[in-house]
Amino acid sequence: MSSLHWADQLAEKIIERSHSEKRVPNVKCQQTPSGGKHIGNLNDVLRAYFPYKSVIEKGEKCEFIHMSDDRDPLKDIPAKLADLEAKWHDAAKFPELKKFYGQPLFKVPDPFQCCESYAKHFTIVWMNGLHEIDVKPILHYTGDVYKQGKFDPYIKLVFEKREIAGKIVSDLQASKDTSYIPFDAFCPQCSVLANIDDFDIKNKKVHFTCGGKTIKQKKAEGCGYEGWQPWSEGKLQWRFEWPALMSIFHTTFEPFGKDHAEGSWKSVMRIMPEIFNTVPPIPFVYEFFLVNGEKMSASKGNVYIVQDMLKIIEADVFKFYYVKRPEKQRDLDLTKIFQLTDEFDLSEQAFFGKGELQSENREENAKRMYDLAVSNPPKKCPKRVSFAFCAALSQLMPLDAAVEKLNELKHIETKQDAELAMQRLLVAKIWSVTYGGEHKLAISTAEEAVERKNALSENQRKVLSEFAAVIVSEADETKQMEKIREICKANNLAISDFFAAIYAVLIGKPRGPKLFTLISVIGREKVVSLIDSSGA
Ligand SMILES: [Zn+2]
Ligand SMILES: [Zn+2]
């Protein structure tokens, strides 16, 4: 039976097409190094990566490339900018950037002054993130493809068929008429991109007046220079550059966001056959997602990059999020990372044949999702410690001690289990401090415990003191639990009121991690000293 997973279904289509075209398939994704790319934009890369991975697994060759559109102009300055270590800096620190508005990103200086340009810097930050999740497409700068002359035949075709090009532009964009030429040149005087008004195919030149281009409803200020430039000093506009790249690389498959589905993809479907004489790739539209219920926006600054995520979530679990069906809008709730991790753990169990998922389809899909998301699957099914428990433990003791404790409690067995638990403890610790909310934990100090006991009913205090005596005399947890029931019954206290009381005194919360685990983590002696009021 062939797999139902979306990536496998696409892989089959990719292979079928590459066989009929008799060439190695090309899977392409693409970003503008605008400085504001985030984990929503990561969709583009990962929706290409998983089908690519599936093609490779089927024993076929496949090319996976990533374009960096470094000739795109600087349109907006994000609210915050990441340095090469992925640390964020307020954009207000770089007021000089505004001067480069409208200039191609490869000509804009790196605000951190560590790389050749703005484009290079943010491409490196982005690619570092991809490498951290073990996704390694071959990187091409679009500017290099221009320099290599590979765009020339397509620029020529756009100029030769300018009537058809103008018609396509005006059909799809109401603001443009049929005389529009979709090519911009960089001004030799001020570097701003300017729309051209004439071209010379024989001498590969274009004519323009600087200042004639509108970017994001704002007129880019030019210097008024007028003249001819070689067309190598310019670029096709996006609607034409995109299909030209698809033609240059013979792209077999390319994913894109819903925004492009309604806009530039429609142009691609006309430009490739009508102007370039090429066949559009297999398309794939993905939905964007929300983070904490909000749309991410670089200008607002509520964005996350891969490097931010890997502080609070394991890399494989993070990738697991993207193997889910891509057509549905989701909300990535950072306060609920533990749920995503639980789902991952269940899929891992299914992968190793230990699943308890309701249906065979779900089981198969879960297995495949796990297999696609994980970079190096463990040799045997690991014994996992839940994220929520790791979050609790990581707050109560040093991480080395936490791993020892997990061993002692038999939550983990092998060396592999211990390594995986440590990875999870590391992220869970940062997560609980940053997004943990009600999962934040701290053991009460002696003073806090006194205060918290005073807030209880007399009955609750009495039961806690009696339970303290049990902890001292009885080590077996099952027997301790029996005693709790007996004491509660004798004192006419509901068992839920006992739990509410003990969590309140130990951690100042109405509930918490499993009680006996918590006692074991805090230590029996300390628990006794905190809950007992008999001597007070
Ligand atoms: Zn840099
Ligand atoms: Zn100029």
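Fair warning: this is a prediction, and the values are worked out from it, not measured in the lab.

When you look at the overall build of the protein in this model, what are you seeing that I'm missing?
Each helix and strand counted, the protein has 22 helices and 16 strands in total. Based on the C-alpha atoms only, the size of the protein along its principal axes is roughly 100 × 55 × 40 Å. For the protein, the residues scored as buried account for 41% of the 536 residues in total. Within the protein, contacts between residues separated by at least 24 positions form 69% of all contacts whose residues are at least 6 apart in sequence.

How should unusual backbone geometry be read in this particular structure?
Where the residue is not glycine, phi is negative for most of them; where a peptide bond is considered, it is trans in most cases. Its identity is not glycine, yet serine 191 carries a phi of approximately 70 degrees, on the positive side. With respect to the helices, strands and loops of the structure, serine 191 is situated in the loop between β6 (183-186) and β7 (193-200). In this structure, asparagine 292 is a non-glycine residue whose phi angle is positive, near 50 degrees. Here asparagine 292 shows up in the loop between β15 (290-291) and α10 (306-309).

Is there a simple way to think about the sheet that holds strand β12 (residues 234-236) in this case?
Two orientations exist for strands paired in a sheet by backbone hydrogen bonds: parallel and antiparallel. With respect to topology, five strands assemble into an open sheet ordered β11-β8-β7-β6-β12, the strand pairing being antiparallel. Each of the sheet's edge strands pairs with one partner strand only, and the pair in question is β11 (226-230) and β12. Pairwise comparison of adjacent strand axes, ignoring direction, gives a mean angle of 40 degrees for this sheet. Bridge analysis of β6 against β12 gives three bridges, and the strand direction is antiparallel. Counted as the bridge partner of alanine 185 is glycine 234 from β12.

Could you clarify how one ought to interpret the nonpolar core in this entry?
One recurring pattern in soluble globular proteins: nonpolar side chains tend to sit buried together. Formed by 97 residues in total, the largest nonpolar core has its most connected members in Tyr49, Phe320, Val323, Cys390, Leu464, Val505 and Ile531. Residue contributions to this core peak at eight residues, all from helix α2 (residues 42-57). Two domains each put at least three residues into this core: domain 1 (6-150 + 240-289) and domain 3 (446-531). Contact partners of phenylalanine 320, with chain neighbours within four places excluded, come to Phe344, Met369 and Ala373.

It is not clear to me how the pairing of β6 should be interpreted in this structure. Could you clarify?
Every other side chain in a regular strand lies on the same face of the sheet, so the side chains alternate between the two faces. Covered by surrounding structure in β6 are Phe183 and Ala185 together with Asp184 and Phe186, the residues of both alternating faces. Note: β6 against β7, three bridges, orientation antiparallel. Opposite phenylalanine 186, over in β7, you have leucine 193 as the bridge partner. Following β6, the chain reverses through six residues before pairing antiparallel with β7; serine 191 in that reversal takes a positive phi of roughly 70 degrees.

Where do I start with the environment of isoleucine 248 in this structure?
Tracing the backbone shows isoleucine 248 in helix α7 (residues 238-248). Between the C-alpha atom of isoleucine 248 and that of proline 153, which follows or precedes it by 95 residues, the distance is 9.5 Å. Sequence-distant contacts of isoleucine 248, that is, excluding residues within four places in its chain, are made with Val145 and Lys150.

Is there a simple way to think about helix α13 (residues 360-373) in this case?
Residue pairs three or four apart in sequence face the same way in an α-helix, which turns once every 3.6 residues. Along its 14 residues, α13 runs 20 Å from first to last C-alpha, staying within 8% of the 20 Å computed at 1.5 Å per residue. Among the residues of α13, those classed as buried are Asn365, Ala366, Lys367, Arg368, Met369, Tyr370, Leu372 and Ala373. For α13, the elements touching its buried residues are α1 (6-21), α2, α11 (315-322) and α12 (337-351).

Any chance you could explain the environment of aspartate 371 here in plain terms?
Position of aspartate 371 relative to the elements: it lies in helix α13. Assessed through the 18 C-beta atoms surrounding it within 10 Å, aspartate 371 is described here as partly exposed.

Is there a simple way to explain the packing of helix α20 (residues 495-507) against helix α22 (residues 524-531) in this structure?
When two helices pack together, you describe them by how their axes are tilted relative to each other and by the distance separating the axes. Orientation of α20 relative to α22, taken along the N-to-C sense of each, is 105 degrees, at an axis distance of 10 Å. With respect to α22, the element α20 is oriented roughly perpendicular. Touching Ile502, Val505 and Leu506 of α20 are Val527, Leu530 and Ile531, all from α22.

What is the right way to look at the packing of helix α15 (residues 399-408) against helix α16 (residues 415-434) in this model?
α16 packs onto α15 with a crossing angle of 130 degrees between their chain directions and a minimal axis gap of 10 Å. With respect to α16, the axis of α15 lies oblique. Two packed elements cross with a definite hand, and for α15 against α16 that hand is right-handed. Residues Leu399, Ala402, Val403, Leu406 and Asn407 of α15 pack against Ala418, Ala421, Met422, Leu425, Leu426 and Lys429 of α16. When its residues are assigned to classes, the contact of α15 with α16 shows nine nonpolar, one polar and one charged.

Calculation notes
- Residues numbered from 1 in each chain as written.
- Chains lettered and ligands numbered in written order.
- Predicted model: local features only at pLDDT ≥ 70, side-chain atom pairs only at ≥ 80, totals over all residues.
- Helix = DSSP H or I, 4+ residues; strand = E, 2+ residues; numbered from the N terminus.
- Buried ≥ 20, exposed ≤ 12 C-beta atoms within 10 Å, placed from the backbone.
- Contact = placed C-beta atoms within 7 Å.
- Pairing = 2+ DSSP bridges.
- Axes fitted to C-alpha atoms, helices over the stretch in contact; angles between N-to-C directions.
- Core = buried A, V, L, I, M, F, W, Y, C linked by C-beta atoms within 7 Å.
- Domains from an automatic or database assignment.
- Expected span 1.5 Å × (residues − 1).
- Parallel < 35°, antiparallel > 145°, perpendicular 65-115°, else oblique.
- Left-handed = near helix turned anticlockwise from the far one by under 90°.
- Nonpolar A, V, L, I, M, F, W, Y, C, P; charged D, E, K, R; others polar.

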